[in-house]
Amino acid sequence: NRDTLEAMSEDVRPSITVTVLLFASARELANTDRCVMHLPRGSRSSQLREALADKFSLLRITALASDTAIAINQQYASIDDDPELADGDEVALIPPISGG
């Protein structure tokens with residue numbers, strides 16, 4: 001059955017791809033303003049943050065900090081809600097800005 005085959009093809013797909021935009025100190029620590037991350041299907045924002053901390057060791061504290069905001073497709077997302085990510089999402093990591 002063609003419908004079953006198409007559904008199986010989608011389910012076999014092992015990962016999603018998200019583009020991560022890094023701002024302020026996150027950009028400086030990672031030495032880049034964007035990166036592409038491949039995550040397992042069904043990954044949540046907390047898993048992305050962990051993956052970023054693993055990829056950029058200097059970014060670990062910022063990526064995992066509770067006061068670092070995230071936006072998914074230009075909409076702020078609550079860290080407490082830990083939203084699920086979808087293939088093609090654009091995620092911004094926005095650490096607190098200090099100034100004086």
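For the structure, see preceding data.
Reading the values: the criteria
- Residues numbered from 1 in each chain as written.
- Predicted model: local features only at pLDDT ≥ 70, side-chain atom pairs only at ≥ 80, totals over all residues.
- Heavy atoms only, no water.
- Helix = DSSP H or I, 4+ residues; strand = E, 2+ residues; numbered from the N terminus.
- Buried < 20%, exposed > 50% of the residue type's maximum accessible area, 1.4 Å probe, protein only.
- Contact = heavy atoms within 4.5 Å.
- Areas by Shrake-Rupley, 256 points an atom, 1.4 Å probe, with all protein chains shown as cover.
- Pairing = 2+ DSSP bridges.
- Core = buried A, V, L, I, M, F, W, Y, C linked by side-chain atoms within 4.5 Å.
- Salt bridge = Lys/Arg side-chain N within 4 Å of Asp/Glu carboxyl O.

Overview of the overall build of the chain
A tally of helices and strands in the chain yields four helices and five strands. Secondary structure of the chain in N-to-C order comes out as α-β-α-β-α-α-β-β-β. Taking all 100 residues of the chain together, 34% fall into the buried category. Within the chain, contacts between residues at least 6 apart in sequence are counted, and of these 53% link residues at least 24 apart. Carbon and sulfur atoms form 50% of the exposed surface of the chain, whose accessible area is close to 6400 Å².

As for the pairing of strand S5 (residues 90-94)
Summarising the sheet, strand S1 (residues 15-22) and S5 pair through four bridges and their orientation is parallel. Paired with Leu21 across the strands is Ala92, a residue of S5.

Some thoughts on the nonpolar core
Counting 21 residues, the largest nonpolar core has Val18, Val20, Leu48, Leu52, Leu59, Leu85 and Leu93 as the members making the most contacts within it. Counting residues per element, the ones that place at least two in this core are S1, helix H2 (24-30), strand S2 (34-40), helix H3 (45-55), strand S3 (69-72) and S5. The element that contributes the greatest number of residues to this core is S1, accounting for four residues. When neighbours within four sequence positions are excluded, Leu59 is seen to be in contact with Leu22, Ala26, Leu29, Ala30, Leu52 and Leu93.

Some details on the pattern of salt bridges
Oppositely charged side chains may form a pair once their charged atoms are brought near each other. Across all of its chains, the model carries two salt bridges by this definition. Across the pair Arg44 and Glu84 runs a salt bridge whose closest N-O atoms are separated by 3.5 Å. With a gap of 40 residues between them, Arg44 in the loop between S2 and H3 and Glu84 in the loop between strand S4 (75-77) and S5 connect regions that are remote in the sequence. As a salt-bridge pair, Asp54 and Arg60 come within 2.8 Å of each other at their nearest N and O atoms. Arg60 gets classed as partly exposed once you look at its relative accessible area, which sits at 34%.

Note that all results are geometric; they support no functional claim without further evidence.
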